[in-house]
Amino acid sequence: LAGATASLVFWALRTPGEVIKVRQQVAFDNDERITARDAYTRVISDDGIVGLYRGFLPTLLRSLPFDSMRFTLLDAANAALVDTAFASYAD
């Protein structure tokens, strides 16, 4: 649950920046140079605030399982290492 929550918060904060970056890259490929501010203005005028979150759901569907598993395995590895490290002090 912690991994899924962390992933959700991370991508909710990161997705607008990714959308702006991709818009700039596409403009560059079309021999047009635009600033981040120009890209932001275009997204807002074309799609509204929802446009900043284009691709959010597929990103979550891709990352939630991985991040949940990563946090679970990290906790298990941490517990195993702590048990091993303190077992030598018990002797």
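Computed from a predicted structure; not experimentally measured.

Digging into the overall build of the protein chain
Move 1: If you tally the helices and strands in the protein chain, you get 3 helices and 0 strands.
Move 2: Along the protein chain, from the amino end to the carboxyl end, the secondary structure elements read α-α-α.
Move 3: Against the compact-globule benchmark of 12 Å for 91 residues, the protein chain has a radius of gyration of 21 Å, which places it well outside the compact range.
Move 4: For the protein chain, the spread of C-alpha atoms along the three principal axes comes to 70 × 25 × 15 Å.
Move 5: Expressed as a percentage of its 91 residues, the buried residues of the protein chain come to 20%.

Considerations on the pattern of salt bridges
Move 1: One pass over the structure, following the stated rule, counts 6 salt bridges.
Move 2: Note that Arg42 and Glu32 form a salt bridge whose closest N and O atoms lie 2.6 Å from each other. Taken together, the residues Arg42 in helix 2 (residues 36–47) and Glu32 in the loop between helix 1 (2–29) and helix 2 connect sequence positions 10 residues apart.
Move 3: Taking relative accessible area as the criterion, Glu32 reaches 31% and is therefore assigned partly exposed.
Move 4: The network of salt bridges with common partners includes Arg14, Glu18 and Lys21.

Some words on the confidence of the model for the protein chain
Low-pLDDT stretches of the model should not have their predicted coordinates read in fine detail.
Move 1: When pLDDT is averaged along the protein chain, the result is 88, and 92% of the positions lie at 70 or above.
Move 2: Of all helices and strands in the protein chain, the one with the weakest mean pLDDT is helix 3 (residues 56–90) (83), whereas helix 2 scores best (95).

Conventions we followed
- Residues numbered from 1 in each chain as written.
- Predicted model: local features only at pLDDT ≥ 70, side-chain atom pairs only at ≥ 80, totals over all residues.
- Heavy atoms only, no water.
- Helix = DSSP H or I, 4+ residues; strand = E, 2+ residues; numbered from the N terminus.
- Rg over C-alpha atoms; globule rule 2.2 N^0.38 Å.
- Buried < 20%, exposed > 50% of the residue type's maximum accessible area, 1.4 Å probe, protein only.
- Salt bridge = Lys/Arg side-chain N within 4 Å of Asp/Glu carboxyl O.
- pLDDT = per-residue confidence, 0-100.

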